[in-house]
Amino acid sequence: MIYVAKGLEALGIACLGLGLILGINSPTLWIELYLFLLGIFFFLVGWGIEKIIARRQKLKDTS
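Attention here is on the structure that accompanies the text. In this text, all values refer to a predicted model and were calculated from it rather than measured experimentally. Along each chain, the written sequence defines residue order, and numbers are assigned to residues from 1. Where totals are concerned, whole chains, interfaces and linings use all residues; where local detail is concerned, this predicted model gives features only for residues with pLDDT of at least 70, and gives and counts side-chain atom pairs only at 80 or more. Processing note: side-chain calculations cover all non-hydrogen atoms of the structure and skip hydrogens and water entirely.

Concerning helix H2 (residues 30-62)
For step 1, the next point in the chain: By the criteria applied, helices consist of DSSP H or I runs no shorter than four residues and strands consist of E runs no shorter than two, each listed in order from the N terminus. Take the number of residues in a helix, subtract one, and multiply by 1.5 Å to get its expected span. Compared with an ideal rise of 1.5 Å per residue, which puts 33 residues at 48 Å, H2 spans 48 Å between its outermost C-alpha atoms and is within 8% of the ideal.
For step 2, the next point in the chain: Among all positions in H2, only Leu35, Gly39, Gly46 and Ile49 are buried.
For step 3, the next point in the chain: Any pair of residues with heavy atoms lying within 4.5 Å of one another is described as a contacting pair. Of the surrounding secondary structure, the elements contacted by the buried residues of H2 are helix H1 (2-25). To sort residues, take the accessible area from a 1.4 Å probe on protein chains only and compare it with the maximum for the residue type: under 20% means buried, over 50% means exposed, and anything in between is partly exposed.

Structural data, given as structure tokens:
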């Protein structure tokens, strides 16, 4: 499950980079905005999953 979380974080960062590149080359900024929001969403979902896994691991270690 940690690989899924890290994969979502990497996908989010990739969307941000792609949005920056496409936003520079595109006459409109909508694609940059959509990819920015999508990247932030993926990153936060992956980060949240990672935090849940860490919390469960910490509870398991203390028990």
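On we go.
Remarks on the packing of aromatic side chains
For step 1, the next point in the chain: Two aromatic rings, drawn from Phe, Tyr or Trp (for Trp, its six-membered ring), form a pair once their centres lie within 6.5 Å of each other, and the interplanar angle then sorts them: stacked below 30 degrees, edge-to-face above 60, tilted otherwise. Applying the stated rule across the entire model yields two aromatic pairs.
For step 2, the next point in the chain: Here the aromatic rings of Phe41 and Phe42 are separated by 6.0 Å at their centres, their planes lie at 50 degrees, and the arrangement is tilted.

Examining the pattern of salt bridges
For step 1, the next point in the chain: A carboxyl oxygen of Asp or Glu within 4 Å of a side-chain nitrogen of Lys or Arg is what we treat as a salt bridge. This structure, assessed with the given rule, holds two salt bridges.
For step 2, the next point in the chain: Note that Lys6 and Glu9 form a salt bridge whose closest N and O atoms lie 3.9 Å from each other. Pair noted here: Lys6 and Glu9 are both in helix H1, with a separation of three residues, about one helical turn.
For step 3, the next point in the chain: On the basis of relative accessible area, Lys6 is assigned to the partly exposed category, the value being 42%.
For step 4, the next point in the chain: Take Glu9: its relative accessible area is 10%, and that puts it in the buried class.
For step 5, the next point in the chain: Here Lys6 makes a salt bridge to Glu50, at a shortest N to O gap of 3.1 Å. One end of the pair, Lys6, is in helix H1; the other, Glu50, is in helix H2, and 44 residues separate them in sequence.
For step 6, the next point in the chain: Residues joined by salt bridges that share partners form a network here, namely Lys6, Glu9 and Glu50.

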